[in-house]
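Structure assessment
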Amino acid sequence: MTRSGSCQISFADVEFLAQGVRLEPTLQAICDFIEQHGHLVDKVRRDLERGLKNPKTGRNGLTAQQVIRSLILMRVKNWDYRELRERIADGYTLRRFTRFYRDCVPKHDAFNRSFNRLTAATLETINAIVVKAAVDMGLENGKKLRVDTTVVETDIHHPTDSTLLWDAVRVVTRLVGQLEELLPDGVPGFTNRTRSARRRMQEIQRMTARERSQQLVPKYRELIFTTGQVVENARLVLKKTQGIRSVDLMTDIAINATRKEIDHYCGLAERVIDQARRRVLDGEQVPNKQKIFSIFETHTDLIKRGKILKPVEFGHKVFIAESVQGLITQYRVLDGNPSDEVHVGSSLKRHQEIFGAAPSVYSGDRGFFSRDNIQECKMVASNSYAFPSVAAKRRLTSKHLKRAALSRTPKSSVLASRVVYLFSSAVAV
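Residues numbered from 1 in each chain as written. Predicted model: local features only at pLDDT ≥ 70, side-chain atom pairs only at ≥ 80, totals over all residues. Heavy atoms only, no water.

1. Digging into the overall build of the protein
When helices and strands are tallied, the protein shows 16 helices and 6 strands. Sorting the 429 residues of the protein into buried and exposed places 40% on the buried side. Excluding contacts between residues fewer than 6 apart, the proportion of contacts in the protein whose partners are at least 24 apart in sequence is 68%. Here the protein displays about 25,000 Å² of accessible surface, and carbon together with sulfur accounts for 51% of that area. (Helix = DSSP H or I, 4+ residues; strand = E, 2+ residues; numbered from the N terminus. Buried < 20%, exposed > 50% of the residue type's maximum accessible area, 1.4 Å probe, protein only. Contact = heavy atoms within 4.5 Å. Areas by Shrake-Rupley, 256 points an atom, 1.4 Å probe, with all protein chains shown as cover.)

Below, the structure is given as structure tokens:
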């Protein structure tokens, strides 16, 4: 992992710089900006050294300069990790911009690990400095502000109680198998039930509507019972192997780590069993806050935004405020699925802190519309605002659906025309 702000230039690098390689104007401007704000590189270096016992020893990794420049390059060019690595390795210009010079470019997963070590505070600081620089240079005056929310989906399969129970069984069983390979005498008293659990899960997934009315509850009862047996046996294994030690120190560390993982996933499996029993067997309406949608991405939220093509999304809701020049002046990862209208007051206050004055134009979709928000915009002296009302949305829905039925136009074009009409007919004061 990275242990320095920048690498030492060798004679080969000096010869590389003597070749007269020039950066394109955009990359040169970014390079000058980073050199003017050296404290950003220091914050990145501290994030990369976080958790290291002695950052001055060990194998050298990516430097702070290479990490921040590669991250910016990846976002500006909209590349993935593999393409980022290949482009830097193949181009003299990008090698100079990212400060790799003649060094070997690491694999794509090294970039992923380095970027993930950057904290949210560091990224927020970088964004704030960019916005401040745009204001100081006169590129942005903050007269117009557009707000919206979106969803960043987590990489999970569509969660159902049967698939979550199957995930718990296979993961706990796999970890117990890894523990058995590490222990000198193996794992006593654990039965592999993955075959039975997989069959029950597949039977539930393949049921027709008629079969569900008669066979769903019995099959779920069998799957829940099997999952409970796996968790109970895994807990028993943890209890029996609590005091076992190995001769090798590294094996001891691996044993302890595996036991912690087993305990972690057993706890998640118990939560899945509880929600499946309450929902399917007891017929209870379980609140979304008490549900777990993935045992791998436990922070995932269920979000409904009223979208026709995507009625339900699994991930995190994000609030974004954008200026007229396309700068992201505010962003927040929201907890759960709060209503959009609660963000108007806080976004106006934050905008005043950044630009020193309220925006003259404030725009948002129908989710931000409320009479209180209109009064809030008037109180902070916004000259105009755009909030498509819910009533207008309802009128337009029936109107455009009738038009679509007559003209037989695709649904996507109807939706696009509705959105354009909503914003064009927004109230202005």
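2. Some thoughts on the pattern of salt bridges
Once their charged atoms are close, side chains differing in charge can pair, the charge on each being opposite to the other. Taken as a whole, this structure holds 20 salt bridges when the rule is applied. Two residues, Glu222 and Arg200, come together in a salt bridge whose shortest N-O distance is 3.4 Å. Taken together, the residues Glu222 in helix H11 (residues 209–240) and Arg200 in helix H10 (residues 194–205) connect sequence positions 22 residues apart. Taking the relative accessible area as the measure of exposure, Arg200 reaches 16% and is therefore buried. Here Asp340 makes a salt bridge to Lys317, at a shortest N to O gap of 3.1 Å. With a gap of 23 residues between them, Asp340 in the loop between strand E4 (328–333) and helix H13 (344–355) and Lys317 in strand E3 (residues 313–323) connect regions that are remote in the sequence. An identical accessibility class is assigned to Asp340 and Lys317; each is buried. By sharing partners, the salt bridges in this structure join Arg200, Glu203, Lys219 and Glu222 into a single network. (Salt bridge = Lys/Arg side-chain N within 4 Å of Asp/Glu carboxyl O.)

3. Comments concerning unusual backbone geometry
Backbone geometry follows two general trends: most residues other than glycine have a negative phi, and most peptide bonds adopt the trans configuration. Phi is positive for Asn78, which is not a glycine, with a value near 60°. When you line up the elements, Asn78 lands in the loop between helix H4 (64–77) and helix H5 (81–90). Under the relative-accessibility criterion, Asn78 is labelled exposed at 69%. Phi angles above zero are rare outside glycine, and Arg99 is one such case at about 65°. Mapped onto the fold, Arg99 is located in the loop between helix H6 (92–98) and helix H7 (108–116).

4. Considerations on helix H3 (residues 38–49)
Counted at 1.5 Å a residue, the expected span for H3 with its 12 residues is 16 Å, and the 17 Å between its end C-alpha atoms agrees. Buried residues along H3 sit in contact with helix H2 (25–36), H4, H7 and helix H8 (120–136). Immediately beyond the C-terminal end of H3, within one or two residues, lies Gly51, with a positive phi of roughly 95°. (Expected span 1.5 Å × (residues − 1).)

5. Structural notes on the packing of H10 against H11
Interhelical geometry of H10 versus H11 gives an angle of 160° and a closest axis separation of 9 Å. One element, H10, and the other, H11, form an angle in the roughly antiparallel class. Crossing of H10 over H11 shows left-handed handedness. Only Arg212, Leu216, Lys219, Tyr220, Glu222, Leu223 and Thr226 of H11 make contact with H10, whose side of the interface consists of Ser196, Ala197, Arg200, Met201, Glu203, Ile204 and Gln205. Taken together, the residues of the contact of H10 with H11 sort by class into 6 nonpolar, 3 polar and 5 charged. (Axes fitted to C-alpha atoms, helices over the stretch in contact; angles between N-to-C directions. Parallel < 35°, antiparallel > 145°, perpendicular 65-115°, else oblique. Left-handed = near helix turned anticlockwise from the far one by under 90°. Nonpolar A, V, L, I, M, F, W, Y, C, P; charged D, E, K, R; others polar.)

6. Some details on a nonpolar patch on the surface
Taken together, the side chains of Leu123, Ile328 and Tyr331 define a hydrophobic patch exposed on the protein surface, amounting to about 220 Å² of accessible area. Examined against the element boundaries, Ile328 turns out to sit in strand E4. In this structure Ile328 comes out as partly exposed when scored by relative accessible area, which is 31%. (Patch = residues over 30% accessible without salt bridge, like charges linked within 9 Å, V, L, I, M, F, W, Y side chains within 5 Å.)

7. Looking at the nonpolar core
If you look at the biggest cluster of nonpolar residues, it comprises 38 residues, and the most contacted ones within it are Leu165 and Ile262. Within the residue set of this core, elements represented by two or more residues are helix H9 (161–182), H10, H11 and helix H12 (249–281). When near neighbours in sequence (up to four residues on either side) are disregarded, Ile262 contacts Leu175, Val176, Leu179, Ala234 and Leu238. Counting 28 residues, the second-largest nonpolar core is a separate cluster that includes Val41, Ala64, Leu73 and Phe115. (Core = buried A, V, L, I, M, F, W, Y, C linked by side-chain atoms within 4.5 Å.)

8. Some points on H4
For H4, built from 14 residues, the straight-helix expectation of 20 Å at 1.5 Å per residue is met to within 8% by its first-to-last C-alpha distance of 20 Å. Of all 14 residues that make up H4, 10 are buried, and the element is covered over most of its length. Buried residues belonging to H4 abut H2, H3, H5, H6, H7 and H8. Asn78 sits one or two positions beyond H4 and adopts a positive phi of about 60°.

9. Remarks on the packing of aromatic side chains
This model, assessed by the stated rule, comprises 6 aromatic pairs. Ring centres of Phe100 and Phe111 lie 6.1 Å apart, and the angle between their planes is 70°; this geometry places the pair in the edge-to-face category. With Phe100 in the loop between H6 and H7 and Phe111 in helix H7, this pair connects stretches of sequence that are 11 residues apart. Taken together through their ring pairs, the aromatic side chains of Tyr81, Phe100, Phe111 and Phe115 make up a single cluster. The residue whose ring lies beneath Arg69 is Phe97, and the NZ or CZ to ring-centre distance is 5.7 Å. (Phe/Tyr/Trp six-rings, centres within 6.5 Å; stacked < 30°, edge-to-face > 60°. Lys NZ or Arg CZ within 6 Å of the ring centre and 35° of its normal.)

10. Remarks on the pairing of E4
Pairing geometry for E3 and E4, over 5 bridges, is antiparallel. What sits directly across from Ala321, in E4, is Gln330. Linkage of E3 to E4, two consecutive antiparallel strands, is achieved through a turn of 4 residues, within which Gly326 is found at a positive phi near 90°. (Pairing = 2+ DSSP bridges.)

11. Some thoughts on the environment of Ile88
Secondary-structure assignment places Ile88 in helix H5. Overall, Ile88 belongs to the buried group, its relative accessible area being 0%. Note: C-alpha distance between Ile88 and Thr98 (10 residues apart in sequence) is 7.8 Å. Once residues lying within four places of it in the same chain are set aside, the contact partners of Ile88 are Ser70, Leu73, Leu94, Arg95, Thr98, Phe100, Val105 and Phe111.

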